[in-house]
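As a plain string of letters, each chain reads:
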Amino acid sequence: MGVSEKLFEAAQRVLPGGVNSPVRAYRAVKMAPRFLTRADGAYVYDEDGGRYIDYVCSWGPMILGHNHPVIREAVERAVKDGLSFGAPTRREVEMAELMVELVPHIEMVRMVNSGTEAVMSAVRLARGATGRDKIIKFEGCYHGHSDCLLVNAGSSALAGGRPSSAGVPEDIVKHTLTAQFNDLGSVEALLARYPGEVACVLVEPVAANMGVVPPAEGFLQGLRGLCDQYGALLVFDEVITGFRLGTGGAQAYYGVRADLVTFGKIIGGGMPVGAYAGSRALMEQVAPCGGVYQAGTLSGNPVAMAAGLAQLRYLKEHPEVYPQIDGYAERLAAGMREIADRAGVPAAVNQTASLLSPFFAEGTVETFAGASGSDLDRYASYFAGMLQNGVALAPAQFEAMFVSAAHGEEEFERTLEAFERVVRSFS
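Residues numbered from 1 in each chain as written. Predicted model: local features only at pLDDT ≥ 70, side-chain atom pairs only at ≥ 80, totals over all residues. Heavy atoms only, no water.

### Concerning the environment of Gly211
With respect to the element layout, Gly211 can be found in the loop between strand S7 (198–203) and helix H8 (219–230). We classify Gly211 as buried; its relative accessible area is 0%. Each C-alpha atom, one on Gly211 and one on Gly82, is 39 Å from the other, the two residues being 129 residues apart in sequence. Here Gly211 is in contact with Ser357, Phe359, Gln397, Phe398 and Glu399, once residues within four sequence places are set aside. (Helix = DSSP H or I, 4+ residues; strand = E, 2+ residues; numbered from the N terminus. Buried < 20%, exposed > 50% of the residue type's maximum accessible area, 1.4 Å probe, protein only. Contact = heavy atoms within 4.5 Å.)

### Considerations on the pairing of strand S9 (residues 260–263)
The two faces of S9 match: Leu260 and Thr262 on one face and Val261 and Phe263 on the other face are all buried. In terms of strand pairing, strand S8 (residues 233–237) meets S9 through 3 bridges, oriented parallel. Bridging from a neighbouring strand, Asp237 pairs with Thr262 of S9. Read from S8 through helix H9 (residues 249–254) to S9, the crossover connection turns out right-handed. Alignment of S9 against strand S10 (residues 274–278), held across 4 bridges, turns out to be antiparallel. If you follow Val261 over to S10, its bridge partner there is Ala277. (Pairing = 2+ DSSP bridges. Right-handed = clockwise from strand over helix to strand, strands pointing away.)

### Quick notes on the pattern of salt bridges
Summed over the entire model, instances satisfying the criterion amount to 14 salt bridges. For Arg34, the salt bridge goes to Asp46, with nearest N and O atoms at 3.4 Å. Remark: Asp46 occurs in strand S2 (residues 43–46) and Arg34 occurs in the loop between helix H1 (3–14) and strand S1 (36–40); sequence separation between them is 12 residues. Classification of Asp46 as buried rests on a relative accessible area of 4%. Between Arg224 and Asp228 there is a salt bridge, with its nearest N and O atoms 2.8 Å apart. Of this pair, Arg224 and Asp228 both sit in helix H8, 4 residues apart, which is roughly one turn of the helix. The buried category is assigned to Arg224, whose relative accessible area is 10%. With relative accessibility at 46%, the residue Asp228 sits in the partly exposed group. Salt bridges linked by common partners bring Arg224, Asp228, Arg257 and Asp259 together as one network. (Salt bridge = Lys/Arg side-chain N within 4 Å of Asp/Glu carboxyl O.)

### Concerning the packing of helix H14 (residues 376–388) against helix H15 (residues 409–424)
Closest axis-to-axis distance for the H14/H15 pair is 9 Å, and the angle between their directions is 130 degrees. Relative to H15, the element H14 lies oblique. Between H14 and H15 lies a crossing whose hand is right-handed. Of the residues in H15, those touching H14 at Tyr382, Gly385 and Met386 are Thr415, Ala418, Phe419 and Val422. A breakdown of the residues in the contact of H14 with H15 according to their chemical character gives 5 nonpolar, 2 polar and no charged. (Axes fitted to C-alpha atoms, helices over the stretch in contact; angles between N-to-C directions. Parallel < 35°, antiparallel > 145°, perpendicular 65-115°, else oblique. Left-handed = near helix turned anticlockwise from the far one by under 90°. Nonpolar A, V, L, I, M, F, W, Y, C, P; charged D, E, K, R; others polar.)

### Some details on the nonpolar core
The biggest cluster of nonpolar side chains holds 119 residues, and the ones touching the most others in it are Met99, Phe138, Phe243, Ile267 and Tyr382. Of all hydrophobic cores here, the second largest spans 21 residues; its members include Ala118, Ala122, Cys148 and Val235. (Core = buried A, V, L, I, M, F, W, Y, C linked by side-chain atoms within 4.5 Å.)

### So, H14
Taking 1.5 Å per residue as the helical rise, H14 with its 13 residues ought to reach 18 Å, and the 19 Å between its terminal C-alpha atoms agrees with that figure. Within the span of H14, buried status applies to Tyr379, Ala380, Tyr382, Phe383, Ala384, Gly385, Met386 and Leu387. Those residues of H14 hidden inside the fold are in contact with strand S3 (51–54), helix H12 (321–343), strand S12 (355–359), strand S13 (391–392), strand S14 (401–402) and H15. In this structure Asp375 caps H14, since a side-chain oxygen of it lies 3.2 Å from the backbone nitrogen of Asp377. One or two residues past the end of H14 sits Gly390, with phi positive at roughly 85 degrees. (Expected span 1.5 Å × (residues − 1). Polar contact = N/O pair within 3.5 Å; in protein donor to acceptor, adjacent residues only side chain to side chain.)

### Re the environment of Leu202
With respect to the helices and strands, Leu202 occurs in strand S7. Leu202 gets classed as buried once you look at its relative accessible area, which sits at 0%. Residues Leu202 and Ser372, spaced 170 residues apart in sequence, show a C-alpha to C-alpha distance of 21 Å.

Written out as structure tokens, the structure reads:
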């Protein structure tokens, strides 16, 4: 028994399922999880001495690679001044100013501590601003674990076979309506059925918690039109896409205006952080300016702000990062398709910017039904095979692969070599 397996045995005695977040338990891939000791550049290292090319990137925020010196040094300087004050600091002002400069259509920002908290707070604001109770989300999209959003959720909720959660009262979720991603008709039908009752339409601009499923042509633009027609707010959950599709996020990438935008750990360089943002008119309805209450002792934490500022400033000053990582992901997706085709293994490899994911399925995957209909057992075998060949992926089909600026030609070639060995074993 390896060190990771021994640790997992010990962990299961004191942590539910042996983990502090469900997907880490590796249940979807029928393995014991690897326990990591450190990370650097494009690689992670485990307790058993393994070294892996990492495409998890802490679920997205390590866009510059692990342990980037600019971010590490910023954190080291900040730590010397203290870990938490529970009071305003210069850095949170500078962070908000930078975000307002970079992201279209936002004028004010509220810092929080996680993506879950950001989306939960944005939905509360949408309800408070409109005076409406109902919200529309999409089947297979995951927006954190707040009660009203654990309905037909994605990410590890899908992987665990439970699209909603015990402990969530029906009286809360009765106001959450579910539409189909990339199907405008399903959204319009709900808006027409509940006229004047829908506060917001909440969407991942690129669905990245059912695997990567890009928006169909005109889908996001259509949502904007429907929200305008029915008086609902359009909320972009950019916990994954924010500052990953570009410094302007999905609004700039797709040319669509959102009323509220949420962000996650990428604005903290991987440290616990989140934010929601919008127009001054909307954001000034948040306490202490307005009647929509939200608070947090650790919000705007000085160390997290230092890390996030270092990362966002680097991305602003080095715009070449985006074509570099997007190009790598595009080449990787093309290489994977070609290898699978030569091996006679049905595979759809979806890619948007630096996000990608393979599905072992016939044809294309453009909807939740297509993603959930892919071969999950084959994905589990693929995951295990890639890990054995030194490549670390998300331990569930319904997640994304993330490319970082630390991934180079050596990692590219080794990844495709591993992919070919694994896929050929299927045929």
